[in-house]
Amino acid sequence: MNITGTHIAYLHTCHRKLWLFAHGIQMEHTSDIVAEGKLIGETSYGERARKYTELAFDGVKIDFYDVKNKVIHEVKKTDKVEKAHIAQVKYYLYVLAKNGIDEATAILEYPKMKQRQAVEWEEGDEELILSYIREVSQIVQQQDCPSLVKLSICKKCSYYDFCYAGEDIG
Amino acid sequence: MKKTYYLFNPGRMSRKDNTLKFIPVDESGREGTPKYIPIEGVSDLYCFGSLDANSALYNFLGKNGISVHFFDYYEHYTGSFYPKEYLLAGKMQIEQTRYHLSAAKRLVIAKKFVQGASFNILKNLKYYQNRGRDLGYYLEKIDGLAAQIENASDIPGLMGIEGNIRQSYYGAFDHILKDHAMEGRSKQPPLNEVNALVSFGNMMCYTLCLDQIYHTQLNPTISYLHEPGYRRYSLALDIAEIFKPILVDRTIFRVLNKKEVQSKDFDIQVNKVILKESGKKAFIRAFEERLNETIKHRTLKKHVSYKHLVKLECYKLSKHILNIAPYEPFKIWW
């Protein structure tokens, strides 16, 4: 199975979303919030597309990679699910290392919040990433979709209408 | 918010940079002032007039996931430019097929469609009953027929019940409509004004459902109540059953009783009656208003439009097929 950064991020946000996404049930196209995030990613740093490289291997796509300094730049809208963002870029660092690029680092950037956060490869991360990969595979291979867990982030999720649409037959 | 564009005037549509450009052309071939439509604001195009376009335009529309629906002079739906499927999900396709192939599983879903439709039909009748129409006979009859749905043992039997419900329901039209008579359902061709409106409205509803299905992972040819893929995108026919009473019939009652559509809006011939352009426009105006009306949704806890209800129906059906939650049809509750 081909695991992307999105899989790793969803593992840390919602298992149901991960399962649906992995089975091709995608909803991102319906969401204005997703569209806004994409726009922020594409337009916040005008010069970036020229300065940095887009990297794609092992099914992973890194939008902005600073080849000279070996730094991944990952642009996000808000830090609401920061843990997921950290997991995602750590997975990128893992994939880079596997492809012979050692000692790279990452920066999470939140242009709307005027914040950035450095993420470095740490002792024990390898085991952590391997456990993420195992967990993703295990969830995706489940026969049934994981049940609904109501969270405060649900309202902003592009799967909200899918998950919560129903008939109130009480 | 993306909008549906209805093209009545003949003209040329083209791509101008990343915008749509429409140049109307009058009867003598003179070009009018071009109109520009930003692509981000377009959900789909309905072509009632003759449209001149080239492949560059269709490539552009296709990349943006915009369908174009075509209708002939007699307001028949003739086909769609349906962009490449962009939401392929093998899992969903397989499950959708599996639910179709199992007679028992198929019947469960088909019954839900008929139940939803008959509930919404009864709701329409009750609304007019409360406004002084004498519809007791029809309410009772349809109630009795609806009670049989649960016992239907196969699809043809279920279709029979559905047909009888529709027939009784159309009988009630003559009591709801003030100045028009339906005198039974006639189609291909419709023989009077009411039938012409019903045909046109049903076709609009079908096309709407098709559009909403397109933006989900469901396959529009695999259906449950109707036979699949027989000339039509039959899943759109299935879902349309639930929404026709709410979206189409209520709009017909409104436009006729409020005289927004009148006899002068029809082209009445010996053996057929068709809507004139003025009639189509008046109906679509009312239909669009209906689609954009919002209600507070009970499980989503937010306001959604009638149009969005159709997409939610697709989600609920997807969840049934993926074994996430049993499908319950939309039943109007107000």
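K.L.:
Give a detailed account of unusual backbone geometry, specifying residues and quantitative values.
P.N.:
All names here are of chain B. The backbone phi angle of Asp 17 is positive, close to 50 degrees, even though this residue is not glycine. Relative to the helices and strands, Asp 17 resides in the loop between strand E2 (11-16) and strand E3 (19-24). Since its relative accessible area comes to 61%, Asp 17 is described here as exposed. For Lys 259, which is not a glycine, the phi torsion comes out positive at approximately 60 degrees.

K.L.:
Could you give an account of the interface of chain A and chain B, with specific residues and numbers?
P.N.:
Contact with chain A, which involves 24 residues of that partner, is made by 28 residues of chain B. Of the roughly 2200 Å² buried at the junction of chain A and chain B (both faces included), carbon and sulfur atoms supply 56%. Per-residue buried area on chain A facing chain B is highest for Asp 161, Phe 162 and Glu 167 of chain A; these three make up 28% of the total on that side. The interface formed by chain A and chain B includes 14 residue pairs in polar contact (both at pLDDT 80 or more). Breaking the side of chain A that touches chain B down by element, the ones donating at least two residues are helix H2 (15-22) and helix H7 (160-164) of chain A. If you tally residues by element for the side of chain A that touches chain B, the top one is H7 of chain A, at five residues.

K.L.:
I'd like a rundown of the pairing of E3 of chain B, residues and numbers included.
P.N.:
Residue and element names in this part refer to chain B. Two elements, E2 and E3, share six bridges in a ladder whose sense is antiparallel. Bridging across to E3, Ser 14 finds its partner in Lys 21. In this structure, E3 lies alongside strand E4 (residues 35-38), joined through four bridges in antiparallel fashion. Within E4, the residue paired with Phe 22 across the bridge is Lys 35.

K.L.:
Just give me the short version of the packing of aromatic side chains, but keep the residues and values in it.
P.N.:
For any pair of aromatic rings, geometry is given as the distance between the ring centres together with the angle between the planes. For the structure shown, the criterion picks out 26 aromatic pairs over all chains. Measuring from centroid to centroid gives 5.3 Å for Tyr 128 of chain B and Phe 253 of chain B, while their planes differ by 85 degrees, and the two rings are edge-to-face. In this pair, Tyr 128 of chain B is assigned in helix H3 (residues 103-129) and Phe 253 of chain B in helix H7 (residues 234-257), connecting sequence segments 125 residues apart. Look at Phe 253 of chain B and you get buried, because its relative accessible area is 0%. By the ring-pair criterion, three or more aromatic residues cluster together here, those being Tyr 6, Phe 8, Tyr 46, Phe 48, Phe 71, Tyr 77, Phe 200, Tyr 206, Phe 283 and Phe 287 of chain B. Just above the ring of Tyr 99 of chain B sits the side chain of Lys 105 of chain B; from NZ or CZ to the centre is 5.4 Å. We note Lys 319 of chain B situated over the ring of Phe 162 of chain A; from NZ or CZ to the ring centre the distance is 5.7 Å.

K.L.:
Before we move on, could you go through helix H1 (residues 55-63) of chain B and cite the residues and values that matter?
P.N.:
Residues separated by three or four positions in an α-helix point in the same direction, a consequence of the helix having 3.6 residues per turn. Residue and element names in this part refer to chain B. Three or more residues of H1 are buried, namely Leu 57, Phe 60 and Leu 61. The arc that holds the buried residues of H1, viewed along the axis, is 95 degrees, so those residues lie on one side. Residues of H1 that are exposed and point over 90 degrees away from its buried face: Ser 55 and Lys 63. Structurally, H1 contributes buried residues whose contacts are with E2, E3, strand E5 (42-47), strand E7 (67-71) and strand E8 (77-81). Residue Gly 65 follows H1 closely and has a positive phi angle near 65 degrees.

K.L.:
Give me helix H4 (residues 136-148) of chain B: which residues, what numbers.
P.N.:
With 13 residues, H4 of chain B extends 19 Å between its outermost C-alpha atoms, agreeing within 8% with the 18 Å of an ideal straight helix rising 1.5 Å per residue. Along its buried surface, H4 of chain B packs onto H3 and helix H5 (155-176) of chain B.

K.L.:
Give a detailed account of the sheet that holds E3 of chain B, specifying residues and quantitative values.
P.N.:
Taken in spatial order, the four strands make up an open sheet running E4-E3-E2-E6 (chain B), and their pairing is mixed. Where the open sheet ends on each side, the last strands, each with one partner, are E4 and strand E6 (51-52) of chain B.

K.L.:
Give a detailed account of the layout of surface pockets, specifying residues and quantitative values.
P.N.:
All names here are of chain B. Of the voids in this model, the second largest pocket is the one considered here, and its volume is about 1200 Å³. Residue lining of the second largest pocket: 34 residues in total, with Lys 187, Gln 188, Asn 202, Arg 232 and Leu 237 positioned closest to the centre. Within the residue set of the lining of the second largest pocket, elements represented by two or more residues are E8, H5, helix H6 (193-214) and H7. Tallied by class, residues from the lining of the second largest pocket come to 14 nonpolar, nine polar and 11 charged.

K.L.:
Give a description of the environment of Phe 64 of chain A that names residues and reports values.
P.N.:
Looking at the secondary structure, you find Phe 64 of chain A in strand E2 (residues 60-66). Considering only alpha carbons, one finds Phe 64 of chain A and Lys 98 of chain A, 34 residues apart in sequence, at a separation of 19 Å.

K.L.:
So what's going on with the pattern of salt bridges? Which residues, and what values?
P.N.:
Applying the stated criterion across every chain, the model contains 23 salt bridges over all chains. Of the charged contacts, one joins Glu 74 of chain A and Lys 76 of chain A as a salt bridge, the two residues approaching to 3.3 Å between their closest N and O atoms. Neither residue differs from the other here; Glu 74 of chain A and Lys 76 of chain A are each classed as buried. In this structure, Glu 260 of chain B engages Arg 254 of chain B in a salt bridge whose closest nitrogen and oxygen atoms are separated by 3.0 Å. Since its relative accessible area comes to 29%, Glu 260 of chain B is described here as partly exposed. Using a relative accessible area of 26% as the deciding quantity, one classes Arg 254 of chain B as partly exposed. When salt bridges that share partners are traced, they join Glu 36, Lys 77 and Lys 112 of chain A into one network.

About the criteria used
- Residues numbered from 1 in each chain as written.
- Chains lettered and ligands numbered in written order.
- Predicted model: local features only at pLDDT ≥ 70, side-chain atom pairs only at ≥ 80, totals over all residues.
- Heavy atoms only, no water.
- Helix = DSSP H or I, 4+ residues; strand = E, 2+ residues; numbered from the N terminus.
- Buried < 20%, exposed > 50% of the residue type's maximum accessible area, 1.4 Å probe, protein only.
- Contact = heavy atoms within 4.5 Å.
- Buried area = accessible area lost by both parts, 1.4 Å probe.
- Polar contact = N/O pair within 3.5 Å; in protein donor to acceptor, adjacent residues only side chain to side chain.
- Pairing = 2+ DSSP bridges.
- Phe/Tyr/Trp six-rings, centres within 6.5 Å; stacked < 30°, edge-to-face > 60°.
- Lys NZ or Arg CZ within 6 Å of the ring centre and 35° of its normal.
- Arc of directions from axis to C-beta.
- Expected span 1.5 Å × (residues − 1).
- 1 Å grid on protein atoms, 1.4 Å probe; cavity = no way out; pocket = protein on both sides within 12 Å on 5 of 7 lines; lining within 4 Å.
- Points joined across faces, edges and corners; volume = space filled by probe spheres on them.
- Nonpolar A, V, L, I, M, F, W, Y, C, P; charged D, E, K, R; others polar.
- Salt bridge = Lys/Arg side-chain N within 4 Å of Asp/Glu carboxyl O.

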